[in-house]
Amino acid sequence: MADPILELKDVCRFFGGVRAVDGVSFCVSKGQIKSIIGPNGAGKTTLFNVIAGNMKPTKGNIRLQNRNVTMLPDYKMASLGVTRTFQTIKIFSNMTVLENVMIARHPRSRAGFFSAAFRFPWMRREETSLIRESRKYLEFFDLLGKADHPAHTLPFKEQRLLEFARALANEPVILLADEPAAGLNTRETKDIAALIKRIRDTGVTVLLVEHDMSLVMDISDEILVLDFGKKIAEGTPEHIRKNDEVIAVYLGRRAEGA
Amino acid sequence: MMKRNIYIPYAVFLMIVLLAPMFVKNPYYLGVLVQVGIFSLVTMGLSLLMGYAGQISLGHAAFFGMGAYASAILTGTCHWSPWLAMGAGMLITACVAWFVGTPSLKLKGHYLAMATLGFGLIVNIFFLAEVDLTGGPSGYTFARIPHITFIKWTIKSETSSYYFVWGILLVILLLTLHIIHSRVGRALRSIHADEEAARAMGVNTAQYKVGIFILSGIYASLAGSLYAHYIRFVAPDPFGLMESVLLVTMVIVGGMGSIWGAIAGAALLIILPEALRFFQDYNILIYGAILLFIMLFLPGGIFGGSQMLWLLIRKIPGRRQEAKDG
């Protein structure tokens, strides 16, 4: 596979006796939209947590742009370009819309306690450019008009958009989107699909966990299917649609015995 | 929030502070105001920790005490310059805050409260038990704590103490306002809102939590040093658990999430008992009733409540328009 951004090799995560993720290996190539699907409890979110650095893998190896990042904590992963959005929206409700995006520029700015307290000239310049850059991201998501609103006053869908704006402002190499369509209606889901494609077109690789099959089939370049922590299939949407084991997992176990 | 100018309220406050002694002539009342200044310094740090970063400390009186004892012992027993002792006190406190904060700030909520409470008790026991160093329960009596000298003035009278303490407070207040309205302030508030999301944005939350814990410890230590040179006597009593609780109460009553609230809270909780002396035996009752009233009807504290009032006066539609224009 050409130009792998993210490579997982035999990644495992056990919780006591539970093998939540069990020997998963795959690659995500640059500019791809790759989706991870699987029934409830298949280990999708755990896998996401392991990649994003929220959890350490029990075994295995994770490489980001040919660099070993297996044991790095989540905030370091974020500064290296692995940014995630959450299944339940996690915007900073105590800040304005603009400030939410400015936080995402945290790893790309450097004012500390001391320089902030004394407002050095470079720190003021950094602040001004932070605001300018952040407004650019809000503009991309059509949120500029609400830049100074408290973030918690936004309607649900715009909170999702804000989460994406914030994630993009982090300048990710790869965006991990955990069920971006959760809680949205059909039309809004279509908007999200278009949005994810637009994000991909800006050069960001996307790794997606999603339950909405039509969304996954529509936008994915490649799909990975997990069941009980194990990879059972990987390939293009057409390939996955025809895969017997995937059909068995989704429609019931009887097919296996037959 | 970024656009609102932070210097206008600061300038207004500066004028009030400078002009207050013209109206408060009674040295006793001036003394009360000096105490308000000293406690405001502690609550400002605590407000950064509680209101901004969302962490609690029930041991802040210990940092306050460490500053006071460091100043007392280093100037009294060791004959250091008060300024040097003050710096040493802040340095010692910072180290202790780092040592205590690094493991305990991994805890959350009630557990963090318990850990800091335990720390406060340990420090208080140290003040009580290290009789050779601190003088034990009867306080530091080995030598008289000297007056502090600032350039050529000796800070002795109530008026000079007032200007000295509030001068330092004003400087620290300005630095604090700067920190709040910066990348650091945003990082702290993001921790308050959602730690996991903050880390997902690349904020090293553990480092920031310890950092703000240390900074608030330094504020408390500085306040403690000022206290030692003002009262010129230190004993373990004002640095115990009750004082820690009082400090937290000041921050909450004043209004969390605002530095101005921290000053308002300190002012109210120090001036109120003095003002209520008039009621003699009933003063505690009325004091309690007032606190209860604030907590019931002004959940945002004094400062939050006054902000709400201001919004009502200015009418909300007008503000919406302003936000659109911006």
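Residues numbered from 1 in each chain as written. Chains lettered and ligands numbered in written order. Predicted model: local features only at pLDDT ≥ 70, side-chain atom pairs only at ≥ 80, totals over all residues. Heavy atoms only, no water.

## Describing the overall build of chain A
Next, step 1: Assigned secondary structure in chain A consists of eleven helices and ten strands.
Next, step 2: The C-alpha atoms of chain A give 19 Å as radius of gyration, which agrees with the globular expectation for 258 residues (18 Å, within 12%).
Next, step 3: Here chain A holds 258 residues, and 54% of them are scored as buried.
Next, step 4: Relative to all contacts within chain A whose residues are 6 or more apart in sequence, the contacts with residues 24 or more apart total 67%.
Next, step 5: Summed over its atoms, the accessible surface of chain A is roughly 11,300 Å², and 52% of this surface lies on carbon and sulfur atoms.
Next, step 6: The centroid of the 37 positive side-chain charges in chain A is displaced by 5 Å from the centroid of its 31 negative side-chain charges. (Helix = DSSP H or I, 4+ residues; strand = E, 2+ residues; numbered from the N terminus. Rg over C-alpha atoms; globule rule 2.2 N^0.38 Å. Buried < 20%, exposed > 50% of the residue type's maximum accessible area, 1.4 Å probe, protein only. Contact = heavy atoms within 4.5 Å. Areas by Shrake-Rupley, 256 points an atom, 1.4 Å probe, with all protein chains shown as cover. Lys, Arg positive; Asp, Glu negative; His and termini not counted. Charge placed at Lys NZ, Arg CZ, Asp CG, Glu CD.)

## A word on the pairing of strand β8 (residues 205-209) of chain A
All names here are of chain A.
Next, step 1: Within β8, five of the five residues are buried, leaving the element largely enclosed by the surrounding structure.
Next, step 2: Burial along β8 is two-sided: the residues T205, L207 and V209 and V206 and L208 are all buried.
Next, step 3: Here four bridges tie strand β3 (residues 33-37) to β8, and the two strands are oriented parallel to one another. Bridge pairing in β8 places K34 opposite L207.
Next, step 4: Note: strand β7 (residues 174-178) against β8, five bridges, orientation parallel. By the bridge assignment, D178 is partnered in β8 with V209.
Next, step 5: The β-α-β motif built from β7, the intervening helix α7 (residues 186-201) and the parallel element β8 has right-handed crossover chirality. (Pairing = 2+ DSSP bridges. Right-handed = clockwise from strand over helix to strand, strands pointing away.)

## Quick notes on the pairing of β7 of chain A
All names here are of chain A.
Next, step 1: When you tally the buried positions in β7, you get five out of five residues, the bulk of the element.
Next, step 2: Residues I174, L176 and D178 point to one face of β7 and L175 and A177 to the other, with burial holding for every one of them.
Next, step 3: Here strand β6 (residues 82-85) runs beside β7; their pairing, made up of four bridges, is parallel. Bridge pairing in β7 places V82 opposite I174.

## Digging into the sheet that holds strand β9 (residues 222-227) of chain A
Residue and element names in this part refer to chain A.
Next, step 1: The strand order across the open sheet formed by six strands is β6-β7-β8-β3-β9-β10, and the pairing between neighbours is mixed. Only two strands of the sheet have a single partner each, and these edge strands are β6 and β10 (230-235). This sheet shows a mean twist of 20° between the axes of neighbouring strands, independent of strand direction.
Next, step 2: Across the sheet, helix α1 (residues 44-52) touches β3, β6, β7, β8 and β9, and the angle it forms with β7 is around 150°.
Next, step 3: On the sheet, helix α6 (residues 156-169) packs against β6 and β7 and is oriented at approximately 175° with respect to β6. (Axes fitted to C-alpha atoms, helices over the stretch in contact; angles between N-to-C directions.)

## Observations regarding the interface of chain B and chain A
Next, step 1: If you look at the interface, chain B gives 34 residues, while chain A gives 39 residues.
Next, step 2: The largest share of the area that chain B buries against chain A comes from R183, R186 and M201 of chain B, three residues that together contribute 25% of it.
Next, step 3: Run the count over chain B and chain A and you get five salt bridges.
Next, step 4: The partner of K90 of chain A in a salt bridge is E196 of chain B, with the nearest N and O atoms 2.9 Å apart.
Next, step 5: Applying the counting criterion to the chain B and chain A interface returns 16 residue pairs in polar contact (both at pLDDT 80 or more).
Next, step 6: Where the side of chain B that touches chain A is concerned, the elements lending two or more residues are α7 (158-180), α8 (183-193), α9 (195-200) and α10 (205-231) of chain B.
Next, step 7: Residue composition of the side of chain B that touches chain A, grouped by class: 18 nonpolar, nine polar and seven charged. (Buried area = accessible area lost by both parts, 1.4 Å probe. Salt bridge = Lys/Arg side-chain N within 4 Å of Asp/Glu carboxyl O. Polar contact = N/O pair within 3.5 Å; in protein donor to acceptor, adjacent residues only side chain to side chain. Nonpolar A, V, L, I, M, F, W, Y, C, P; charged D, E, K, R; others polar.)

## Thoughts on the environment of I223 of chain A
Residues and elements named next belong to chain A.
Next, step 1: Along the chain, I223 falls in strand β9.
Next, step 2: Each C-alpha atom of the pair I223 and R125 lies 44 Å from the other, and the pair is 98 residues apart in sequence.
Next, step 3: Beyond its immediate sequence surroundings of up to four residues, I223 is in contact with S35, I37, V216, M217, A233, E234, G235, P237 and I240.

## Section: the sheet that holds strand β2 (residues 18-29) of chain A
Consider a sheet: its strands pair through backbone hydrogen bonds, and that pairing is either parallel or antiparallel.
All names here are of chain A.
Next, step 1: Here four strands make up an open sheet; going across it, the order is β2-β1-β4-β5 and the pairing antiparallel. In this open sheet, the two strands that pair with only one neighbour each are β2 and β5 (67-68).
Next, step 2: Of the pairings in the sheet, the one linking strand β4 (residues 59-64) to β5 comprises two bridges and is antiparallel in character. Its bridge partner lying in β5, R63 is registered against N68.
Next, step 3: In the packing of α1 onto the sheet, contacts are made with β1 (4-15), β2 and β4, and the angle to β1 comes to roughly 120°.

## A word on the environment of W153 of chain B
Residues and elements named next belong to chain B.
Next, step 1: Mapped onto the elements, W153 comes out in strand β2 (residues 153-155).
Next, step 2: Since its relative accessible area comes to 48%, W153 is described here as partly exposed.
Next, step 3: Once the C-alpha coordinates of W153 and D194 are considered, the two residues, 41 residues apart in sequence, prove to be 49 Å apart.

## Structural notes on the pattern of salt bridges
Residue and element names in this part refer to chain A.
Next, step 1: For the structure on display, the rule yields 25 salt bridges over all chains.
Next, step 2: Note that E133 and R105 form a salt bridge whose closest N and O atoms lie 3.0 Å from each other. On the criterion of sequence distance, the pair formed by E133 in helix α5 (residues 121-140) and R105 in the loop between α3 (97-104) and α4 (113-118) is long-range, its members being 28 residues apart.
Next, step 3: On the basis of relative accessible area, E133 is assigned to the partly exposed category, the value being 23%.
Next, step 4: Residue classification places R105 among the buried residues on the basis of a relative accessible area of 5%.
Next, step 5: Between E163 and R166 there is a salt bridge whose closest N-O contact spans 4.0 Å. Here E163 pairs with R166, and both are found in helix α6, just three residues apart, close to one helical turn. An identical accessibility class is assigned to E163 and R166; each is buried.

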